[in-house]
Amino acid sequence: MTANQNEQKEEDDMIYYKTIKDVPDSYKTSIQKLINNATLKGTGAGVINVSEDFCRIVTILDRNGAFDK
(Lines give C-alpha, C1' and ligand atoms only; values in the text may rest on other atoms or scores of the structure.)
Protein backbone atom coordinates (compact mmCIF):
# COMPACT_ATOMS: atom_id res chain seq x y z
CA MET A 1 0.00 0.00 0.00
CA THR A 2 1.40 3.41 -0.94
CA ALA A 3 1.54 6.34 1.47
CA ASN A 4 -1.34 8.04 -0.39
CA GLN A 5 -3.48 4.91 -0.19
CA ASN A 6 -2.73 4.57 3.52
CA GLU A 7 -3.71 8.21 4.14
CA GLN A 8 -6.94 7.73 2.17
CA LYS A 9 -7.82 4.62 4.19
CA GLU A 10 -7.26 6.47 7.46
CA GLU A 11 -9.46 9.31 6.23
CA ASP A 12 -12.16 6.87 5.12
CA ASP A 13 -12.10 5.20 8.56
CA MET A 14 -12.50 8.51 10.41
CA ILE A 15 -15.61 8.81 12.58
CA TYR A 16 -17.64 12.01 12.18
CA TYR A 17 -20.50 13.39 14.27
CA LYS A 18 -23.08 15.33 12.29
CA THR A 19 -24.81 17.17 15.16
CA ILE A 20 -24.21 17.79 18.85
CA LYS A 21 -26.75 15.02 19.55
CA ASP A 22 -24.41 12.55 17.81
CA VAL A 23 -21.36 13.55 19.85
CA PRO A 24 -20.61 11.05 22.65
CA ASP A 25 -21.26 12.29 26.18
CA SER A 26 -17.54 12.17 26.99
CA TYR A 27 -16.93 14.96 24.44
CA LYS A 28 -20.27 16.77 24.45
CA THR A 29 -19.61 19.37 27.17
CA SER A 30 -16.41 20.56 25.52
CA ILE A 31 -17.91 20.69 22.02
CA GLN A 32 -20.97 22.51 23.38
CA LYS A 33 -18.66 25.19 24.85
CA LEU A 34 -17.29 25.88 21.37
CA ILE A 35 -20.80 26.08 19.94
CA ASN A 36 -21.98 28.38 22.75
CA ASN A 37 -19.15 30.87 22.25
CA ALA A 38 -19.53 30.73 18.43
CA THR A 39 -16.07 29.25 17.91
CA LEU A 40 -17.69 26.26 16.24
CA LYS A 41 -20.52 27.31 13.94
CA GLY A 42 -20.93 24.32 11.66
CA THR A 43 -22.64 24.51 8.30
CA GLY A 44 -26.11 25.55 9.47
CA ALA A 45 -29.26 23.78 10.69
CA GLY A 46 -27.29 22.31 13.61
CA VAL A 47 -24.84 20.44 11.39
CA ILE A 48 -21.31 20.52 12.83
CA ASN A 49 -19.61 17.51 11.14
CA VAL A 50 -16.77 17.16 13.64
CA SER A 51 -14.38 14.22 13.67
CA GLU A 52 -13.69 12.08 16.69
CA ASP A 53 -10.07 13.26 16.60
CA PHE A 54 -11.24 16.88 16.74
CA CYS A 55 -13.53 16.09 19.67
CA ARG A 56 -10.74 14.32 21.52
CA ILE A 57 -8.33 17.25 21.09
CA VAL A 58 -10.95 19.82 22.09
CA THR A 59 -11.80 17.81 25.21
CA ILE A 60 -8.14 17.55 26.22
CA LEU A 61 -7.67 21.30 25.77
CA ASP A 62 -10.87 22.05 27.68
CA ARG A 63 -9.88 19.81 30.58
CA ASN A 64 -6.62 21.73 30.76
CA GLY A 65 -8.43 25.06 31.00
CA ALA A 66 -7.93 26.33 27.47
CA PHE A 67 -11.54 27.53 27.18
CA ASP A 68 -11.92 29.04 30.65
CA LYS A 69 -12.45 32.78 30.69
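Notes on the structure follow. (Residues numbered from 1 in each chain as written. Predicted model: local features only at pLDDT ≥ 70, side-chain atom pairs only at ≥ 80, totals over all residues. Heavy atoms only, no water.)

Next up on the list: the nonpolar core. Counting residues in hydrophobic clusters, the biggest one holds ten residues: Y17, V23, Y27, I31, L34, L40, I48, V50, C55 and V58. Secondary-structure elements contributing two or more residues to this core are α2 (25-36) and α3 (52-63). At three residues, the largest contribution of residues to this core is made by α2. The residues contacting V23, other than those within four sequence positions of it, are Y17, K28, I31, I48, V50 and C55. (Core = buried A, V, L, I, M, F, W, Y, C linked by side-chain atoms within 4.5 Å. Buried < 20%, exposed > 50% of the residue type's maximum accessible area, 1.4 Å probe, protein only. Helix = DSSP H or I, 4+ residues; strand = E, 2+ residues; numbered from the N terminus. Contact = heavy atoms within 4.5 Å.)

This next bit is on the environment of G42. Topologically, G42 is positioned in the loop between α2 and β2 (50-51). Its relative accessible area of 37% is what places G42 among the partly exposed residues. Among all residues touching G42, those that are not within four sequence positions of it are V47 and I48.

Quick look at unusual backbone geometry now. Here the phi dihedral of A38 falls at roughly 65°; this positive angle occurs in a residue that is not glycine. Assignment of secondary structure puts A38 in the loop between α2 and β2. Take A38: its relative accessible area is 40%, and that puts it in the partly exposed class. In the Ramachandran plot, A45 falls in the positive-phi region, its phi being about 55° despite a non-glycine side chain. Its place among the elements puts A45 in the loop between α2 and β2.

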